[in-house]
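Spelled out, the chains give:
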Amino acid sequence: MNEQKETGRAANVKAVSVADYIVERLAAEGIDHCFGVAGDYVFPICDAVDSSAKVKWIGCANELNASYAADGYARIRGAAMLTTTYGVGELSAINGVMGAKAEKSLVFHVVGMPSYQNQRLGKIAHHTLGDGIFGNFVDLSAKAACTHAVINPQNCVIEMERVIAEARRNSQPAYIVVPSDYALSPIVPADVKPIVPRSNAAALEKAMAAIAQRIKQAKAVVAFPAFTISRLGLQKQAQRAIEAVGCPFVTTLMEKCLFDESHPQFAGMYVGAVSEKRTRQIVEGADLVLDLGGVNLNDITTAAYSGRFDLSRFITVGLNDVRIGDKIIPNVRLADVLTGLAELKPSSAPYRGTPQGLAPVNGSPSDKITMDALYPRYAAFLRTGDTVVLETGSSSLGVTPTIFPDGVRVEAQVLWGSIGWATPAAFGVALADPSRRTILITGEGSHQLTANDIGAMGRFGANVIVFVLNNDGYLIERALEENPDWTYNDLAPWKYAELPKALGCANWYTARVTTLGELDEAMKAARASKSGAYIEIIGGRMDMPPALAFAHGRLKSMYGDAP
């Protein structure tokens with residue numbers, strides 16, 4: 001009798017499907033939106049999202065845009081969900097996912113495969129190579145992630161915890177693929193708890209002792225807080241650590257506004273030979289560089305490798321280890337090292353620099369728009385609580401040297417540098433934190449790749465303020481070669497200010513400006529707008545920011561001599 005009652009009670013409990021479990025488990029990671037494009041193999045996941053009370057479906061114009069939007073969202077929330085179909089969908093998204101991997105942005109890429117039944121039978125199906133093989137794309141998408149799992153009802157609970165923990169440990173994408181019939185099947189429960197990456201206590205103690213000793217012995221210390229700090233949401237901990245050490249800190253283009261630039265210990269932005277003289281002296285003259293998070297000294301952040309520093313003077317605190325010279329101390333988490341540094345007692349008075357003010361706004365209302373006049377206007381336009389998304393190219397290189405007001409956040413894809421990233425990324429950023437105003441600053445060349453998601457911004461109420469610089473082609477490409485006049489650097493002459501209306505954003509403020517006076521008025525109207533705003537700025541064809549002009553003169557250093 002008791003056995004019959006238990007059997008009847010179990011029959012009344014609705015089993016949780018694999019698709020529902022995946023969606024709800026990712027929701028528990030703080031994800032409220034799922035970016036993607038629907039497809040038949042991934043319908044069960046799409047249905048689970050649409051049925052969820054916790055996660056909202058955000059349909060993008062294409063899978064690449066969706067991956068960029070997910071990257072932007074993850075930078076603010078700490079994680080994002082991207083959903084695409086097998087083959088054609090996931091491969092369209094792979095560039096954006098790979099960019100998230102390069103720049104430590106945690107995106108859970110969930111892909112629906114053809115059914116297990118059809119895979120076992122080797123059926124010829126659409127979105128395949130027609131060879132009856134269904135694993136052709138798994139290895140490709142897995143390479144864009146730091147971990148992956150092929151999900152079935154038996155392993156679902158266990159594998160989800162593994163991939164989430166590994167993705168958190170590395171702050172990089174995870175690839176989760178599930179056959180469409182398995183997605184509808186009930187999970188097999190398992191008693192598994194979430195795995196939280198932690199430091200080994202002995203290794204942490206050893207690392208902290210070595211770091212403290214090096215700091216004590218050093219005569220000149222400078223800190224390089226890395227972009228990974230913002231990916232992990234460790235800005236407050238890192239700032240307390242730097243304040244405890246008492247040394248000056250600098251940033252690269254990748255860490256613009258990681259902390260307020262009015263902070264008394266801020267010594268400027270380091271951009272190799274393009275840096276302010278005092279900033280360069282502090283960095284290149286230090287006998288100890290505290291690299292907090294793994295700063296990326298690439299060709300862009302060092303202005304074509306023009307920096308002069310000795311890497312043997314670096315202590316690099318990575319996400320999961322500490323490197324001191326040729327010695328690696330593994331199993332040590334960045335957050336724990338920052339906590340340890342915050343407890344140090346400085347041996348001398350902390351560094352106090354002279355904070356720079358905002359650049360003066362210049363030019364007369366009737367003047368044509370130049371970059372010298374434009375960039376200070378961007379800085380003056382910004383307010384506390386704004387998040388600025390900068391496109392790769394002249395936009396990021398021109399805007400980042402300008403001092404911004406306190407409380408402004410900046411996102412840019414400096415290392416991966418995929419043009420077109422910023423427009424969908426701004427969409428993701430806006431949805432991730434609607435309490436802040438999102439400002440997109442882009443150039444027309446990049447914008448043409450992904451401008452169709454302006455329509456998604458309007459559809460989902462992401463009230464982004466968009467500045468598009470129209471300077472008659474790919475300025476970044478013109479600057480990075482000897483001859484700027486090749487026809488492949490030209491673009492179709494779009495009427496940019498008309499795009500929002502054409503893409504369904506009927507109530508957006510739009511303007512096309514050619515003079516500083518028109519720009520000033522448009523900026524005021526954009527700030528006052530309760531919906532989105534879109535301003536097309538007409539600039540000079542070869543009017544480039546100083547950092548880009550410098551790179552133009554160092555092409556051989558960047559790319560090497562011709563054979």
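The paragraphs below set out a description of the structure included in this document. (Residues numbered from 1 in each chain as written. Predicted model: local features only at pLDDT ≥ 70, side-chain atom pairs only at ≥ 80, totals over all residues. Heavy atoms only, no water.)

**Quick word on the packing of helix α10 (residues 201-217) against helix α14 (residues 334-341)**
Logical step 1: Between α10 and α14, the least distance of the axes is 10 Å, while the angle of their chain directions is 50°. One element, α10, and the other, α14, form an angle in the oblique class. Where α10 crosses over α14, the two elements pack in a sense that is right-handed. Contact with α10, carried on its side by Leu204, Met208, Ile211 and Ile215, involves Asp336, Val337, Gly340 and Leu341 of α14 and no other residues of that element.
Logical step 2: A class-by-class count of the residues in the contact of α10 with α14 yields six nonpolar, one polar and one charged. (Axes fitted to C-alpha atoms, helices over the stretch in contact; angles between N-to-C directions. Helix = DSSP H or I, 4+ residues; strand = E, 2+ residues; numbered from the N terminus. Parallel < 35°, antiparallel > 145°, perpendicular 65-115°, else oblique. Left-handed = near helix turned anticlockwise from the far one by under 90°. Contact = heavy atoms within 4.5 Å. Nonpolar A, V, L, I, M, F, W, Y, C, P; charged D, E, K, R; others polar.)

**Examining the pattern of salt bridges**
Pairs can form between side chains of opposite charge whenever their charged atoms are close.
Logical step 1: If you walk through the whole model with that rule in mind, you get 21 salt bridges.
Logical step 2: One salt bridge connects arginine 25 with glutamate 161, and the closest N-O pair in it is separated by 2.6 Å. With arginine 25 in helix α2 (residues 18-27) and glutamate 161 in helix α8 (residues 156-170), this pair connects stretches of sequence that are 136 residues apart.
Logical step 3: Connected through salt bridges with shared partners, the residues Asp71, Arg75, Glu103, Arg231, Arg409 and Glu411 form a single ionic network. (Salt bridge = Lys/Arg side-chain N within 4 Å of Asp/Glu carboxyl O.)

**Notes on unusual backbone geometry**
Logical step 1: Phi is positive for lysine 104, close to 60°, though the residue is something other than glycine.
Logical step 2: For lysine 104, the position within the fold is in the loop between α5 (88-102) and β4 (107-113).
Logical step 3: Accessibility expressed as a relative area gives 22% for lysine 104, which makes it partly exposed.
Logical step 4: We note that histidine 127 has phi near 65°; this positive angle belongs to a residue other than glycine.
Logical step 5: Residue placement: histidine 127 occurs in the loop between α6 (116-121) and α7 (138-143). (Buried < 20%, exposed > 50% of the residue type's maximum accessible area, 1.4 Å probe, protein only.)

**Some details on the packing of aromatic side chains**
Logical step 1: Across all of its chains, the model carries 16 aromatic pairs by this definition.
Logical step 2: Both rings, one in tyrosine 375 and one in tyrosine 378, keep their centres 6.4 Å apart while their planes meet at 40°; by these two values the pair is tilted. With tyrosine 375 and tyrosine 378 both in helix α15 (residues 371-381) and three residues apart, this pair spans about one turn of that helix. Judged on exposure class, the residue tyrosine 375 and its partner tyrosine 378 are both buried.
Logical step 3: It is lysine 256 that lies over the ring of phenylalanine 404; its NZ or CZ is 4.5 Å from the centre.
Logical step 4: In this arrangement the basic side chain of arginine 527 is found over the ring face of phenylalanine 381, its NZ or CZ atom lying 4.4 Å from the centre. (Phe/Tyr/Trp six-rings, centres within 6.5 Å; stacked < 30°, edge-to-face > 60°. Lys NZ or Arg CZ within 6 Å of the ring centre and 35° of its normal.)

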